[in-house]
Structures are given as structure tokens and as C-alpha cells.
Amino acid sequence: MTSSPHTRPSLLVRIRDAADREAWRQFVDLYAPLVYRFARRRGLQDADAADLAQDVLHAVARSSERLEYDPRKGSFRGWLFTVARNKLHTFLRRRERQRRRTEDVAVDRLPDEPAAPESQEEALWEQEYQQRLFDWAAEQVRGHFQDRTWQAFWQTAVEGRSPREVAEALGLSVGAVYIAKSRVLARLKEQVQIMQLE
Amino acid sequence: MIRQADCPDALRLQDLLDGMLPDAEQAELTGHLDQCARCQQQLETLALGGQPWAGIARLARWRSQPEPSLGRAIAELKQALTGPPEDAIAATRSHAAAPTDDEAGEPILDFLSRSEQPGHLGRFGPYEILEVIGHGGMGIVLKGLDPVLNRLVAIKVLAPQLAASGAARKRFAREARAAAAVSHEHVVTIHAVDVAQGLPYLVMEYVPGVSLQQRLDRDGPLELEEILRIALQTASGLAAAHAQGVVHRDVKPANILLADGIERVKLTDFGLARAADDATVTQSGYLPGTPAYMAPEQASGEGVDHRADLFSLGSVIYAMCTARPPFCASTLMGLLRRVSEDRPCPIQEINPRIPDWLVEIMNRLHAKEPARRFQSAAEVATVFADCLAHVQTAIGPRPSAIGFWPSALGPRRGIKPKADRRWPKAVCAAVLFCLLGLGISEAAGWTGMVEWAATVLRIRTPDGTLVVEVSDPDVQVTVDGQDVTISGKGIAEVKLRAGQHKLQATKDGKPVLTKLVDIRRDGREVVKVTLEPTGAAAAPGGSGVGSGPVLPGGGDTAPGTGPLTLKGHAGRVTSVAFTPDGTILASAAADGSVRLWQADSGKVRALLRAMRGPVAGIAFFSDGKTLLTVGEDGTLQLWDVLTGKQLAALKLSASFKVSALQPGSKVLATGGDGVVKLWDIESGKELSMLRGRAVEWKALAFSPDGKRLATGGTGTARIWDTATGKEVLLLPADKTVRSLAFSPDGRLLTTASDGVVLWDVETGKQLRIMQSPDVVSLATSPDGKLMATGSAGGRVAVLDTATGRVVRSFQEKTGPVSCLVFSPDGRRLAWGAADGSVRLWRLDGTPSARGELERLRDEVEASRAAALATEKRAADAERAARQQAERERHALALAEEAGQQARRRAYLTDLAFAQQAWANNQRIQARRFLEASPENLRGWEWHYLMRLSKEQPVSTSLAGHTAAVRVVAISPDAKRIASAGEDTTLRLWDVSTGKELARLAAHKETVHGVAFSPDGRSLASADIDGTLILWDTPTGKIKARLKLDEAGPASVTFSPDAKQMAVSGKGQVRIVTATDLREVMRLVGLKGTPHGVAFSPDGRLIAAASGEARTVHVWVPCRAEPRRHGSRLGGQQWQGDRRPERT
């Protein structure tokens, strides 16, 4: 986690102001899918994963006033990971108890994916965070560009197709594809940095 | 082939990236990019800010999985955390089926199960849910139907989003328990507490109606009687809660429900209430309550008790009087500061109709110190009950012509005579209530006259009120065969249930009235028992307040006949006054005696041995029970009219001839040789002296609103502003003005000197002059239509005010008529004469000339309008002049700006020279250029200098301290440096010369903190013993000093607005005022011994370093609207935050 810029507490200072609606919306948009994804990967059903995401973010919201996370021990999302993992364990334990009570084990039990070792799990979380952040930034940015510009960027930068090929497909010159790609890249990078460094 | 030389430079590529290039140029560059791989690469590098972005393809793999429930989860989260989106709020507001309160959006109702009843929202537990009443901080309030008992209930369900949280459940349970423990008619009843579908909920009594907040929003300020009623009921509801140890903590108009139809208040939402001994929860920093209404101790996060609710009740009363909360500010911080420090805008500036006494009660509730408030809600309820009784029964004063305005006095409460400098406490309360009566009469106006018989029985029930008026104290009243005790005259109250009751009045064992009365819900029945003195007849009334009163008549002076003569006084009669109900006439004389007479029969009621010397004046308070007598030697006495006993006495340190009591206050005006003085009759203190030239004042009169005082004396009459003590009008008179009288509306003043003159009080214009040369006393009738004059020859004339025509007159050889007064109903005239006789004359049938009077008023109005027009022209001219001046100022400012620019240019020139000199290695010369420049060295110039020299800045050592130097500060103008440390001295140094300017030795211990105020004029220092000293920088004098309770390294800093300072002591930071070091707030929760403290530049953040605890403590004001987010997210003013110390 050392290679990526640490989440600076300033966004977290912002969300401690419960009236800063914009900060809270960004916060939810960014982190809820991350927790959801994490829960799904650990074998939770869709609705359960959504509930867990809610639960975790509520916990964060409640403790945001005290800001229990400690930047000395890592970034905010590292702390979020810990909260999510704990909540998940609680959930799994409760479910396990219920199953034992109802003795209805065989009917709908799906085999949980075996949990990855802790360090791998955290690395996966970090990777998904970066993905989520990129996805979120792309959502924010995409509306600012014409579809052709966006496609020029996406097909070259993401899909890895050659600019010439893409230029032909989109009816652009190669130079125009480079310009389009660079403009979107600049904007995306800026957006990611805003979220990370704001 | 692309040549490298054709490649654009980085700046042009950046412009291309930013879309800053003209189309043609962009096209050209695009063409170049088609070919040039180097530029393609460089463009991408530029876009990424020089750092490659590897693995984008990997990053973009997020969107690959279905997430059906995630959208819902996110939407719910956003709503829970940030409230509904703005457009949803708008939609909700126009949604008639689900009324919600202002802050609420569309609540999520998916926890309801389907109802079989069409039109119902659903079912919850056993209840049919009909609609959403509202939703707020903790949950949703639903209107439900209890199918078992078939009654409507309000169901408060903990928000589903919160039901998972243990803390929220606990608080909810606590709320339910606290509220359920209180059972009172003015507290919403809790029927049940339960859990359904995993959600805790409580079932409450359903109260149809609106909240006080909605009512205020809709109707604005309330009427006095309603204010008192709501205040009384709220206070009694609070008293019940407090008796259970429950403090509401959030008393505000939104939590006071006004039930439809019945006049009953219900206090609800003990959402933040908790048992009073559970105050520790608050200590942790959570800030419950609504800041606009909360008590200062709540605002500052200190522990609160039931008296915090009393402060909030004061705030609610303020809101009822003005339709706005007492404290407003744009930020929560500002609001909290205002709650703690400010007084709200005076009520009467917003609503002048609110009487002084209510303002006084509000102020007492609003005392910043809990100990100075009323001490219990029960006490407050009693006060308001008394007030309400008065408003509903008492009548106000009417102006009498000379000397005194009678006013109302409140209920007596076992007042014992006591010759103290101050009135006994009970009398102070009585005076308060005397003001009460005045306020009411002002509100009612002068026209809505109400006559009450001597005894008023109020038979009050929760369902209705029965009012019985009895004119004869010997009449015995029974209700349903039970005696209702009437002890003398006064107000009695009887409790009755709704239904039919038999009321019987008997006198000497014989029934004089039997009546069946219906007590209805919310009804009011008035039964009037009026006995003729013959004792034979009875006349049931059956009408309400304000109906035409029947004056008890009988062996009275018949209309058209001469007056009754009342004898007894041995000296000149100096003052006569009627009780407000007109039943008793009082007269006072130069022999020191005061006599009370039956106004109808002229029989003597009592003889008060008042004074040794002459009595200067008398006045009744408005319930007619208490009489004030004023002696020429300065003695003031209060008398019980009923028993004739003296209640209290006080001596003013003055002697005088005439006096007048200001309506609506405790102020007495006295006049004699040369001066008029105003006194506070409660304390006996002189308030002010109205300076006139050496005039012997013969007459004083207050205007009915008390704002003006008219004085008459040798050759002049003057009108003064009582508030400022300034003379506002001088009315010329040829001879001595012997008597004065204001019209009941206060617009006209009549003076008697050589003739009787009617003046316009505003303009000083003479409206009418009536030639009657020897008039010595004057009176205006309560309706203003008639005027009475008494002459030196003993003649009394009644004139039509409008025409000046004499309509009645009477003459007898009594010597000068010294005083005159109309009865409050205007049907009698009483006067006293120099021979000691008092006359009582019935005036019924006296014609009046209404049309003529109105014509006169029109005349006055027309002249006013003309005056206004003139004023407007003057104002226009003034505005033009102001605009001209503004233009000139603007021109001046421009010139100044130009001058500054010139100076700046000169300075830059100097800098250029300096740069040149540096380049030539002529440092001294460069320095001279810089020092010669108009400004002193500031930060950027230093920087510039350093860049020029490419060297370390020159350093100078300031030597002088004898032990370790710990702290240093530079004054904002950069001219001085302050330093301090272990040698306990504080030293001031001159920056440019390095000279020690001052050595300030007042600390006894190591100085650990030092700070200049933002204007540099003050310097603060703090030592480790906890002593804080504020110095005057220029003189080195100590301006203020504060010793903290705790020792420890103390640090200090000024707030950016220079108004406050933060001082850290052991375990806490205090905010103190920067002028007198008065403590404003304490920020607690600091661990360890703090070393440094700092404000953010906007003053909103405070940080303190905790030393050994290795933490930095930050207090952040949260802008959250606490009612919405507070309970959920802990929207609080200050929050503790631990972060690592940066090393």
C-alpha cells in the first residue's frame, strides 16, 4: 500500500461534518460498491452483501465523529477493510448459528469460496479499491466527453488496441485519437487525484 | 518526414491538451501528431503529469459483475446519511397524502406489511397505519389505528437504518422509558413500548392539531392570553416531568403540540430527555437540544439540570411573542456563542404589545446563570396561572385627571407591614402584577371597557369556566348545594365537572337568584348576581365579558341633581382617585389622612391614618385592592384597601408638592421647586432628574403609555421623554400652569393656566383655547369626550372636549377645587376642595358631541399629514446631500489608491536598485534601498532578499535572558519580538535594532506561552503555574490577569478576530475573552498536559498539543443541523480527534 498515495484525512474531515451532503454522497458512491464486492467475493448473496455494505458504512458514519481509524496504522481504506472484515465475520457467525438452529443446512447452502489468506485478502482489497476508484472517476468524467472521444480513449488505453486501428474504426485521424486519449487521461488522473488527495 | 525542428514545444502541446488553441492551429498540430511518434509520446506524458499510469487495463475491470441490490443499498445509505435529495424534498412537500415535517423527506416504509384495508398504508404490529405524521432524527412517526381499542394512536418507529445499532436502540429505549414515566395532562401519554419486525417502537396518544412551531409559522406572534395559557401548560407539563427526574432537554415550539378544538397543550418528543442523573452521556461531547432554544450551559456542553428546560421555556415564550427564536446566527458556532453570551433582541422592539411584566418573566427564565432563573417549573406554572387569571379578569387603569394614574395590583399574598428601605419581596411581586394589569388595559385599548362587579367568582373546570359576579359581599353563593366561600371581595375559583349545575345566591338567608348553568367543554358561562342596595332584586346576566355593564345604582346621586358631599378631612383635599372598578373612592388631604368611600352611596369605608404631613397624591393598583399614598415628605405607603392595613412603607430622600405614577412601570415622578425627579418606587432609588429652569412645578401628568411626562409650573408647561429625560416640547403659558391632563389616547394635552388650552402633543400646536381664567384643576373623562374643570372659586364645570361648550356646572363656596377625577366608567365625577370636603356627582345623561370630536381629530390628522410631507422633503434633500458627500469620498478614495500605487512603484524601483546592488555585491547599499522603502521588510521581501543574496539570511542574536528561553512571538507589524522562558521575565525587542525595549517581570514561574493580539496592541503570556497575563504592548502595563485552577505548561493564542483567546491548561483548553479574560467556554477531554494551542485562520478550529499523551486534540465545530443528523451521526459542536503527533 505504500506505493499509492495515502488517503489524506481531509475527505474524512469533510464527512465528519454531517451536513456536507456532497462529501457523504461521494463517500457512499465510492465505498459502498467496494464493500459489496468484498462481501460477494466472500460468498454472500446479493441482498446480504448490500445489507453488509450498508451496515459497514453506517458504522463508519457513526464513528466518523470519533474517527476511530488511526493513520499511523495505515490508510483510511485499510481501516475500512478491517471494519468490513469484522462485520463480515459477525455476519457469517450469526448465519452459521441460525443454520445450526434450523438444521436446514443441506437445502440452500452454497459452498463459501475459501477465504484467501489475510495478506492476499488485503492486497485484493487494495486492488479492488484502485479499480473502484478508477471506475468511479470514469463515471464522473465520461459525461464531459463526446462518445467518440471516450471511445478513442477506451479502446486505445484500456483495450490496448493500436491507435491506427481505432482511428480507422472511429473515422478519426491518428493524431486526433492521440489527442482524445490524452485529454481523457488528463481528466481521469485529475479526478482520481481529487478523490485521493483532496 | 518529420523534422524535429517542426515539433511544437511543451507549452503548445499543453495548450492543445487544454483545448486552448485556435481551430486552425489545432488542425495543424493534429496533422503533426498523425506522424510524429515523439510528440504522441510527449502529449501522453504531459496528460499524466509526467508520471506514467501503468495498468489502466487492469484498473478498468471493475464493471463485470451483476449487483442487483447495490443500487437500493446506496440510495438508502445516501438518504440515511445525507437526507433525501433536494428534488425529493420538493416532491414530498407537494405530496398531500403523506404530510411530513419540513425537514423530512419521503420516509422508507418497506417495513410495513400489507394491510387488508383499502386506503391504509399498511400494517405494523397490531396497528393499521393510516398516514405518516412526520419523520426526524430518530425515526418515523405514523398515525395508526389500534384495532382492539379502536382508537387513533401515534406510533414512533425507530428508523430501520438505525435499528441495527445498539446505541440507537438504547437511546430509543431510554426515550420511551423516560417519557412513559411521566403521566400528565400536558404531556403526551405513552401507551406502549414494543418491538415489531425487528424495529423498536412506542405507541403514543394521538394528538390531532398542529405544533406551536407550525402555528407560529402560520399566524405569527400570538395573543397575550394564549401565550400565557401555553406557557402555563408547558410549565406544568415540565413540572410533572421534572418531578419524575426527567429533563426534557429539547423544549421548543416544534415539540409543543396544540390539540385541535380543546385549548390544551401537549408536550412531546422526550427524544433527548433522559433521567437527570444520566448526565454523563452529555459530557462525552454529544450536544442534544436545539441550539436556537437551548440553555447556555447546554450550548457549552456543561452538565444540565431541569433549569435548562426553564431557559428553553423562556425561549419558547420569546418565540410566541415574536414568532422567531431568540437567537439566530448563520453558523452553529455563532449560534452557540450567542446563546452563551448575548441577550436576544428586546421583545418589545419586535412586538411592542407585549407588556413589561411578561418581558420580565421571560428575562428571568433567560438568566444565563441557572441559579438566577426561577428554580422550578412548578413555580413558573404558578406565576403564569396568576398572570392568566389577571388577564382574564382584571381590567386596566384609566387615567384620572390629576396627579395619579391608578393601576392594577396583583393578588395579595400575606403581605406583612414592614418599614424597610426596600419593599418586601412579596410587594415586589405585587408591583410586578400591578404592571400586569396595565399591560392588559393597553392591549384592550381604551374603548373596550369592561365593568366588573365587586366580587368575581371564577368557577373554573378543566371543561369550562363559570364566572359569577357578585356586587354585594354579603351574598352567599352555592353551587349544587355546596357553599362557595367568598371572603370579602375578590376572585374565587371553583372546580366543576362538565354538565348542568345549580347555582344559588342568597342574602340574609333569602334566595335572591337561582339558576341552572351548563358547563360545557371549552365553554364559558358568566352569571351575574347584581344586588340593589335595598337587597330585594337580583338580575341574572348570562352574558360574557365585554357586555354592557350594569352599574349598581340606587341611593346614589340621581342624574341632574347636585353632588353628594363627603365630609371628614380636616385640611385641603389634595388628591382623589377611584378604584379601577369604580366602587370605591379614595381621597387624601393635607392633614395627612386618607379616606375610602363607597362610590355609590358615599358611605365611609375606611379611614387611613397615613401621614403626619400632607399627602401629595394617591393611586390605586388595578385590582383595587392596594392603594399607594405619597406624602409630601417623601413617604410612600402601600395599603390594603379591604382591611385598611398598611402593607409597606418606604421613604424617598426628597420632599415635593406633586407626584405622578408612571403607567406600566414602577416609576414615580415628583415635582417641587425647580426639579422633577423620577424614582423607582420598588427600591426608593432616584432614577433621574429632569432639569428645567427655576420653575416651581405645580402639576405632573404622565401620558397613558407612560412615554411622556408633562410638567406644569410658573409660566410654562413642558413635555419630557421619560426614557431619555430630555425635554421634547415646551408649551408657552402666560401664567402658572396649575393642572394638566392627557387625553386617553395620549395625543392631546390640556393645560389650565390663564385659560384652558388644548395642545397637540406631537407638534405643540394650540388646538383650542377656552377662556376660563381661574381654573386650577382639570380632568379628562375616560372616553376623552368630556373634560372637567375646577376653579379657584369652587366652581366645577363639565365641558365637551370637542367644542369647549360647558354641558354641566356646579358651584358652592368650598374654596378652590384642588383635585378632580372621573370615575373609570365616566359616569361620576369626584372632586376635593380646599375646605376638606369631597364631592361625588353623578353625570348620567350628560350630552356629548361625538361628531365634533371626530372633526377635531381629523383636523389633527390633516396637520400631521402636512408635517409628514414637510419631513419627507427635508429627508429627500438630506439624501441628495449624502449622495454628494459619498461621491466626494469616492473621489478621495481613488486619489488615495493612486497615491498608494505611486508609492508601490517607488518601492519596486527601490527593489530594482537593491537587486542591482546585490548583483554588484554591494550588500549595504542594497539594504539601504530596502530600508528606505516605505514598507518594512515583510515575508516576501525577505524571501526576495535571500534570493538576491543566494545566502542564508543574516541572523542577529538578542541576548539578555538569564535562563533558558522557551517561547518567542513576533508582533503583527514585525517591529517587535517578545520572548520568555525560565527566567520568568518577558522581554520585548526591537526587530530592526535588536535593542531590548522592555523587560516585563510579573510571572513567578517559567513562561511557556506568549502571543501578540492580531492588532499587536496586546500581548498575552502564560506560565506553567497557570497564570495568564494580558499586557498592553506599547506601555508594558498589565491589562488583565487570570489564574487558572490548574497548573501545567500553559500556552496561549488569540483568535483571528482578536476577540477571544485560547489558553491550554491541564486537561482542558479554555476560551476566554481577549479584553478581560472572562471565561467563555471550556473544551474538555484533553489528555495529558498541553503544550501548544492554535486557532485556524477562520477561527473555527482549535487544536491543542497534548504533550506526553502524544496526541493533537482538535475541536471542530460541526455544521450539522443537529435535529436531523445529530442523533444519528452525532452532529455536535466539538469533537475530539486523536491523531499522531508529527515528529
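Okay, so let's go over this structure. Note that the structure is predicted; figures quoted are calculated from it, not measured. (Residues numbered from 1 in each chain as written. Chains lettered and ligands numbered in written order. Predicted model: local features only at pLDDT ≥ 70, side-chain atom pairs only at ≥ 80, totals over all residues. Heavy atoms only, no water.)

### With respect to the overall build of chain A
Put simply, the test is: The numbering of helices and of strands both runs from the N terminus, where a helix is a DSSP run of H or I of at least 4 residues and a strand a run of E of at least 2. Buried, partly exposed and exposed residues are distinguished by accessible area as a fraction of the type maximum, computed with a 1.4 Å probe on protein chains only: under 20%, between the cut-offs, and over 50%, respectively. By definition, residues are in contact when any of their heavy atoms lie within 4.5 Å. In this description, accessible areas are obtained by the Shrake-Rupley approach with a 1.4 Å probe, and a residue is regarded as covered only by the protein chains that are shown.
Counting its regular elements, chain A contains nine helices and zero strands. Put simply, chain A runs from its N terminus to its C terminus through helices and strands in the order α-α-α-α-α-α-α-α-α. Each of the 198 residues in chain A was classed as buried or not, and the buried ones make up 53%. Put simply, of all contacts in chain A between residues at least 6 apart along the chain, 69% involve residues at least 24 apart. Per element, the accessible surface of chain A, about 9100 Å² overall, is 47% carbon and sulfur.

### Details of helix α9 (residues 212–219) of chain B
Residues and elements named next belong to chain B. As a reminder of what qualifies: This arc corresponds to the set of directions leading from the helix axis out to the C-beta atoms.
Of all the residues in α9, the buried ones are L212, R215 and L216. Mapping the buried residues of α9 onto a view down its axis gives an arc of 95°, with all of them on the same face. Facing away from the buried side of α9 by more than 90 degrees, the exposed set consists of D217 and R218. Packing partners of the buried residues in α9 comprise β7 (209–211), α10 (224–243), β9 (256–259) and α13 (306–322). Looking at the residues trailing α9, positive phi occurs at G220, about 75°.

### So, the side chain of D46(A)
Inclusion rule: Positive charges come from Lys and Arg, negative ones from Asp and Glu, while His and the chain ends are left out of the count. By salt bridge we mean one thing: a side-chain nitrogen of Lys or Arg within 4 Å of a carboxyl oxygen of Asp or Glu. By the criterion applied in these results, polar contacts are pairs of N or O atoms within 3.5 Å in which, for protein atoms, one can donate a hydrogen and the other can accept it, and in which residues neighboring in sequence qualify only through two side-chain atoms.
Mapped onto the secondary structure, D46(A) falls in helix α3 (residues 46–64). Buried and without a salt bridge, D46(A) has R40(A) as its closest oppositely charged side chain, separated by 4.0 Å. One polar contact links D46(A) to Y36(A), side chain to side chain, over a distance of 2.6 Å. Beyond its immediate chain neighbours, meaning those up to four positions away, D46(A) contacts Y36(A), R40(A), E67(B), P68(B), S69(B) and L70(B).

### A closer look at the nonpolar core
The criterion, for reference: For our purposes a nonpolar core is just a set of buried Ala, Val, Leu, Ile, Met, Phe, Trp, Tyr and Cys residues, chained together by side-chain atoms within 4.5 Å. Throughout the structure description, domain borders are defined by an automatic or database domain assignment.
Core analysis: the biggest nonpolar cluster contains 71 residues, and Y31(A), V35(A), L57(A), F153(A), L188(A) and W53(B) have the highest contact counts within it. Of all the elements, helix α2 (residues 21–41) of chain A adds the most residues to this core, at eleven residues. Looking at which domains feed residues into this core, each of domain 1 (1–141) and domain 2 (143–198) of chain A supplies at least three. Sequence-distant contacts of F153(A), that is, excluding residues within four places in its chain, are made with F134(A), V158(A), K181(A), V184(A), L185(A) and L188(A). Listed in part, the 43 residues of the second largest apolar core include I256(B), I317(B), I354(B) and V391(B).

### Examining the sheet that holds strand β43 (residues 806–811) of chain B
The pairing of strands in a sheet happens through backbone hydrogen bonds and is either parallel or antiparallel. Residue and element names in this part refer to chain B. Note the following rule: We treat two strands as partners when DSSP finds at least two bridges between them. Fitting a line to C-alpha atoms yields each axis, with helices limited to the stretch in contact; the angle taken between N-to-C directions then spans 0 to 180 degrees.
Pairing within the open sheet is antiparallel, and its four strands lie in the order β40-β41-β42-β43. Of all strands in the sheet, those bounded by a partner on one side alone are β40 (775–780) and β43. Here the average twist between neighbouring strands, direction ignored, is 15°.

### Here's the deal with the sheet that holds strand β20 (residues 564–566) of chain B
Residue and element names in this part refer to chain B. Across the sheet, which stays open at both edges, the four strands sit in the order β20-β46-β45-β44 with antiparallel pairing between neighbours. Both edges of this open sheet fall to β20 and β44 (817–822), since each of them pairs with a single strand only. Here the average twist between neighbouring strands, direction ignored, is 20°. Across five bridges, the pairing between strand β45 (residues 828–833) and strand β46 (residues 838–842) is antiparallel. From the neighbouring strand, L829 faces β46, where its bridge partner is W841.

### Thoughts on the pairing of strand β36 (residues 739–742) of chain B
All names here are of chain B. Neither face of β36 is left uncovered, since the one carrying S739 and A741 and the one carrying L740 and F742 both have all their residues buried. In the sheet, β36 pairs with strand β37 (residues 748–752) via four bridges, with the strands oriented antiparallel. The partner of F742 across the bridge, within β37, is L749.

### So, the pattern of salt bridges
Residues and elements named next belong to chain B. Applying the stated rule across the entire model yields 37 salt bridges over all chains. For the salt bridge of R215 with D219, the shortest nitrogen-to-oxygen distance reads 2.5 Å. Here the residue R215 and the residue D219 both occupy positions in helix α9, the gap between them amounting to four residues, near one helical turn. Salt bridges linked by common partners bring R215, R218, D219, E226 and R229 together as one network.

### Some remarks on the packing of aromatic side chains
All names here are of chain A. Selection rule: In this scheme Phe, Tyr and Trp rings, the latter by its six-membered ring, pair at centre separations within 6.5 Å, and the angle between planes marks the pair as stacked below 30 degrees, edge-to-face above 60, and tilted otherwise.
Counted under the stated rule, the structure contains 13 aromatic pairs over all chains. Residues Y31 and Y129 carry aromatic rings whose centres are separated by 6.2 Å and whose planes lie at 15° to one another, so their mutual orientation is stacked. Of this pair, Y31 sits in helix α2 while Y129 sits in helix α6 (residues 118–142), and the two are 98 residues apart along the sequence. For the pair Y31 and Y129, a shared accessibility class is recorded, and that class is buried.

### Considerations on the pairing of β40(B)
All names here are of chain B. When you tally the buried positions in β40, you get six out of six residues, the bulk of the element. Where β40 and strand β41 (residues 786–791) come together, five bridges link them in antiparallel fashion. Bridge pairing in β41 places V775 opposite S791. Hairpin connection between β40 and β41: a loop of five residues separates the two successive antiparallel strands, and G784 in this loop has a positive phi of roughly 80°.

### With respect to a positive patch on the surface
As a reminder, the rule being used: The patches reported here contain residues having more than 30% relative accessible area and no salt bridge. Joining distances are 9 Å for like charges and 5 Å for nonpolar side chains (Val, Leu, Ile, Met, Phe, Trp, Tyr). A charged residue contributes its charge at one atom only: NZ of Lys, CZ of Arg, CG of Asp or CD of Glu.
On the surface, R93(A), R94(A), R97(A), R100(A) and R101(A) cluster together to form a positively charged patch. With respect to the helices and strands, the residue R101(A) is situated in helix α4 (residues 76–102).

### A short note on the packing of helix α2 (residues 23–35) of chain B against helix α3 (residues 37–47) of chain B
All names here are of chain B. Heads up, the condition is: Angular relationships are summarised with four words: roughly parallel below 35 degrees, roughly antiparallel beyond 145, roughly perpendicular across 65 to 115, and oblique for the angles in between. In this classification, Asp, Glu, Lys and Arg are treated as charged, Ala, Val, Leu, Ile, Met, Phe, Trp, Tyr, Cys and Pro as nonpolar, and every other residue, Gly included, as polar.
It is at 6 Å that the axes of α2 and α3 come closest, and there the two elements cross at 110°. Of the possible angle classes, the one that applies to α2 and α3 is roughly perpendicular. Of α3, the residues touching α2 (which contributes H32, L33, D34 and Q35) are A37, C39, Q40 and L43. A breakdown of the residues in the contact of α2 with α3 according to their chemical character gives four nonpolar, three polar and one charged.

### Remarks on unusual backbone geometry
Residue and element names in this part refer to chain B. In this model, N150 sits at a positive phi of 50°, which is unusual for a non-glycine residue. By the secondary structure assignment, N150 is in the loop between β3 (139–146) and β4 (151–158). With relative accessibility at 58%, the residue N150 sits in the exposed group. Unlike most non-glycine residues, A323 shows phi in positive territory, near 65°.

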